[in-house]
Amino acid sequence: MKKSYRNPKKWEWYLPAAIFVIGTVLFLTPWKDRAMRVIAIGIGLKCALNIRWNNYRGLSPDEQKQIDREERDERNRMLRERASWLCWQGERALFTVCFLTAAFVLDLESSVLYLVCLLYVARELIYEAVYRRLDKKY
């Protein structure tokens, strides 16, 4: 397996902390057995980030600059944008299939179905609003 020498971003440090806090809050709920699993996931993510940070700090300053430059270059940004667009399209198709399955298979009196329908419609409307705003801006 290839070592990661990329310096962790700030949000990547906040994620394990947030997961750990969610796990500690779960101790106050009836799902106490799941709380330890959530805390273990947060600790595991923190350990992985520490390993990656140590790998990055072990490099020479020139190698660190080169890795930072590779992360910001135009080709890498284009690849990230393309990957995120493709993943978003897959997620959108999957969500549409789930919505249609829920609409035609589940009972129409179900409040869960109404919530799913509301979320689906809200998501599509928000996307269109943001798209139109960005289209006018740029």
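Quick caveat: nothing in here was measured; it's all calculated off a predicted structure.

The rules we used
- Residues numbered from 1 in each chain as written.
- Predicted model: local features only at pLDDT ≥ 70, side-chain atom pairs only at ≥ 80, totals over all residues.
- Heavy atoms only, no water.
- Helix = DSSP H or I, 4+ residues; strand = E, 2+ residues; numbered from the N terminus.
- Rg over C-alpha atoms; globule rule 2.2 N^0.38 Å.
- Buried < 20%, exposed > 50% of the residue type's maximum accessible area, 1.4 Å probe, protein only.
- Contact = heavy atoms within 4.5 Å.
- Areas by Shrake-Rupley, 256 points an atom, 1.4 Å probe, with all protein chains shown as cover.
- Lys, Arg positive; Asp, Glu negative; His and termini not counted.
- Charge placed at Lys NZ, Arg CZ, Asp CG, Glu CD.
- Axes fitted to C-alpha atoms, helices over the stretch in contact; angles between N-to-C directions.
- Parallel < 35°, antiparallel > 145°, perpendicular 65-115°, else oblique.
- Left-handed = near helix turned anticlockwise from the far one by under 90°.
- Nonpolar A, V, L, I, M, F, W, Y, C, P; charged D, E, K, R; others polar.
- pLDDT = per-residue confidence, 0-100.

On to the overall build of the protein. Each helix and strand counted, the protein has five helices and zero strands in total. Taken from the N to the C terminus, the helices and strands of the protein come in the order α-α-α-α-α. Here the C-alpha radius of gyration of the protein, 21 Å, is well above what a compact globule of 138 residues would show, namely 14 Å. Overall size of the protein, expressed as C-alpha extent along the three principal axes, is 65 × 50 × 30 Å. Within the protein, buried positions represent 16% of all 138 residues. In the protein, the share of contacts with a sequence separation of at least 24, taken over all contacts with a separation of at least 6, comes to 55%. Roughly 11400 Å² of accessible area belongs to the protein as shown, and the carbon and sulfur atoms make up 66% of that amount. Where the 24 positive side-chain charges of the protein centre and where its 16 negative ones centre are 5 Å apart.

Our focus in this paragraph is the packing of helix α1 (residues 10–26) against helix α2 (residues 32–57). The axes of two packed helices give the description: the angle between them and the distance between them. Running from N to C, α1 and α2 cross one another at 165°; their axes reach a closest spacing of 8 Å. Taken together, α1 and α2 sit at an angle that is classed as roughly antiparallel. Note on packing geometry: the crossing formed by α1 with α2 is left-handed. Each residue belonging to the contact of α1 with α2 can be placed in one class, and the counts come to 15 nonpolar, four polar and four charged.

Segments scoring low in pLDDT should not have their predicted coordinates read at a detailed level. Averaged over all residues, the pLDDT of the protein equals 82, while 93% of them reach at least 70. Within the protein, α1 carries the highest mean pLDDT (90), whereas helix α5 (residues 111–137) carries the lowest (80).

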